[in-house]
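Topology and contacts: notes
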Amino acid sequence: MRKLAIGTALSGALALTGLVAPAASAAESTGLVFTDVTVNSGKAIVVGTTATVKVPVTYTLTRPADLTIDYENTFAGVMLYRGTLDSMENEIEPESAPSCTTTATTDTTVTEACTETLNIDPRDYLYEAADAGTWKAGGFYCHLDQDTDASDEHISFDYGFEAWGGLGTARIQRAAKLTVNASPEPVKKGRTITVTGTLTRANWATGTYSGYTSQSVTLQFKAKGADTYSTVKTVTSGTGGALKTTTKATKDGSYRYVFAGTSTTAAKSATGDYVDVK
């Protein structure tokens, strides 16, 4: 789903790249130069199953002084993609114009500092497990000339598209959820406490959270009045992401599970569960 004109224009241009690729080398470049591209301040982008994540992108754009980019019929910006420029497996493009400020000019060029936002709605852009991982940043320019007035029994669409890769990378991770329950509570000192929980992560194919199995999760304890948690032991998640272990009750305090994260799934800490030791 594309919400604004810039997305509509870019999507149409991207769709045509496969058709026009053999002739692309003959096209004259507009001469745009994208530098200093930073996505999400260099941090991983963590996405769940429903909420749209707003991702800031900053970059420097140098364009020919006689090239007008009006974001009505001509567009430029930074996109994320998987695969290669000529065969994108997935792509995320801006849905609105960037905010650009001129920082330098010459007789032939204009340099601008630009900020844009990628609105990543997992229901629109993320579809499969392969979407979790490293994406590439690419600059693009496209123009759209169209006549949609069919009153004269004629319509026309003319797309032009350029893309530049190798501008950086960004990591998109699945959001994780982690629960904990320590019981019984209250408990007598020296008795056994059973600590259960569940580790799940966003499944973009189904739009739900699914159990994350065979993952190392740390059980931690914070005594009443203390400021920090200390590690008790490491537990491996089982079927459906289930966690279960036991420990001895020694003093009042809170237990929690902590997942350090993986390359595809974000780190997560459960909210501590307090146990009163008698």
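Here we summarise the structure given alongside this text. (Residues numbered from 1 in each chain as written. Predicted model: local features only at pLDDT ≥ 70, side-chain atom pairs only at ≥ 80, totals over all residues. Heavy atoms only, no water.)

Looking now at the overall build of the protein. Secondary structure assignment for the protein yields two helices and 20 strands. Computed over its C-alpha atoms, the radius of gyration of the protein comes to 25 Å, more than 25% above the 19 Å expected for a compact globule of 278 residues. The principal-axis extents of the C-alpha atoms in the protein amount to approximately 85 × 45 × 30 Å. In the protein, which comprises 278 residues, the proportion classed as buried is 42%. By element, 49% of the accessible surface of the protein is carried by carbon and sulfur atoms, the whole surface being about 13,900 Å². In the protein, which carries 24 positive and 29 negative side-chain charges, the distance between the mean positions of the two groups comes to 29 Å. (Helix = DSSP H or I, 4+ residues; strand = E, 2+ residues; numbered from the N terminus. Rg over C-alpha atoms; globule rule 2.2 N^0.38 Å. Buried < 20%, exposed > 50% of the residue type's maximum accessible area, 1.4 Å probe, protein only. Areas by Shrake-Rupley, 256 points an atom, 1.4 Å probe, with all protein chains shown as cover. Lys, Arg positive; Asp, Glu negative; His and termini not counted. Charge placed at Lys NZ, Arg CZ, Asp CG, Glu CD.)

This paragraph deals with the sheet that holds strand β1 (residues 33–39). In a beta sheet, neighbouring strands are held together by backbone hydrogen bonds and run either parallel or antiparallel to one another. Overall, antiparallel pairing links the four strands, which are arranged β1-β3-β7-β6 in an open sheet. The sheet is open, and its two edges are formed by β1 and β6 (99–105), each paired on a single side. Taken over all neighbouring pairs, the strand axes of this sheet differ in orientation by 20° on average, direction set aside. Inspection of the sheet shows β1 paired to strand β3 (residues 53–64) by five bridges, in the antiparallel sense. If you follow threonine 38 over to β3, its bridge partner there is threonine 58. (Pairing = 2+ DSSP bridges. Axes fitted to C-alpha atoms, helices over the stretch in contact; angles between N-to-C directions.)

So, on to the environment of alanine 132. Summarising the element assignment, alanine 132 is placed in the loop between α2 (122–125) and β8 (133–147). Linking alanine 132 and valine 46, residues 86 residues apart in sequence, is a C-alpha distance of 9.4 Å. Other than its neighbours up to four places away in sequence, alanine 132 contacts Ile172, Arg174, Trp204 and Thr264. (Contact = heavy atoms within 4.5 Å.)

Time to look at the environment of alanine 137. Mapped onto the elements, alanine 137 comes out in strand β8. Separated by 133 residues in sequence, alanine 137 and alanine 270 place their C-alpha atoms 33 Å apart. Other than its neighbours up to four places away in sequence, alanine 137 contacts Val37, Val39, Val78, Met79, Leu80, Tyr81, Trp164, Gly165, Gly166, Leu167, Gly168 and Thr169.

What follows concerns the state of the cysteines. By definition, a disulfide links the sulfur atoms of two cysteine residues through a covalent bond. Tallied over the full model, the rule gives one disulfide. Across the disulfide from cysteine 100 sits cysteine 114; the S-S distance is 2.1 Å. Between cysteine 100 and cysteine 114, the S-S torsion sits near 115°, and that sign places the bridge as right-handed. With cysteine 100 in strand β6 and cysteine 114 in strand β7 (residues 109–120), the pair connects residues that are 14 residues apart, well separated along the chain. (Disulfide = S-S within 2.5 Å.)

With that settled, consider the nonpolar core. Most often, soluble globular proteins have nonpolar side chains that are buried together. Grouped together as the largest cluster of nonpolar side chains are 30 residues, with contacts concentrated most on Val39, Ile45, Leu80, Ile92, Ile120, Leu126 and Ile172. Mapped onto this core, the elements with two or more residues apiece are β1, β2 (45–47), β3, β4 (74–84), β7, β8 and β10 (169–174). Looking at this core, the element that brings in the most residues is β3, giving four residues. Once you skip the residues sitting within four places of it in the chain, isoleucine 45 turns out to touch Val39, Asn40, Val53, Val55, Leu80, Ile120, Ala170, Arg171, Ile172 and Gln173. With 21 residues, the next largest nonpolar core counts Leu178, Ala182, Val195 and Phe221 among its residues. (Core = buried A, V, L, I, M, F, W, Y, C linked by side-chain atoms within 4.5 Å.)

In this sheet, strand β5 (residues 87–92) lies alongside β4 in antiparallel orientation, the contact comprising five bridges. Its bridge partner being in β5, threonine 84 is matched across the sheet by serine 87. What sits between β4 and β5 in their antiparallel hairpin is a turn of two residues.

Below, the discussion takes up the packing of aromatic side chains. Applying the stated rule across the entire model yields four aromatic pairs. Their ring planes at 80° and their centres at 5.8 Å tell us that tyrosine 212 and phenylalanine 259 sit as a pair that is edge-to-face. Of the two residues, tyrosine 212 sits in the loop between β14 (208–211) and β15 (216–223) while phenylalanine 259 sits in strand β18 (residues 253–259), which places them 47 residues apart along the sequence. You'll find tyrosine 212 and phenylalanine 259 in the same group, each marked buried. On the numbers, 4.7 Å between centres and 45° between planes, the contact of phenylalanine 221 with tyrosine 255 is tilted. (Phe/Tyr/Trp six-rings, centres within 6.5 Å; stacked < 30°, edge-to-face > 60°.)

Evaluated as defined, the whole model comprises six salt bridges. One salt bridge in this structure joins aspartate 131 and arginine 82, with 2.9 Å as the shortest N-O distance. Of this pair, aspartate 131 sits in the loop between α2 and β8 while arginine 82 is found in strand β4, placing the two residues 49 residues apart along the sequence. Accessibility assignment for this pair places aspartate 131 and arginine 82 in one class, buried. In this structure, aspartate 121 and arginine 123 form a salt bridge, with 3.2 Å as the shortest nitrogen-oxygen distance. We classify aspartate 121 as buried; its relative accessible area is 5%. (Salt bridge = Lys/Arg side-chain N within 4 Å of Asp/Glu carboxyl O.)

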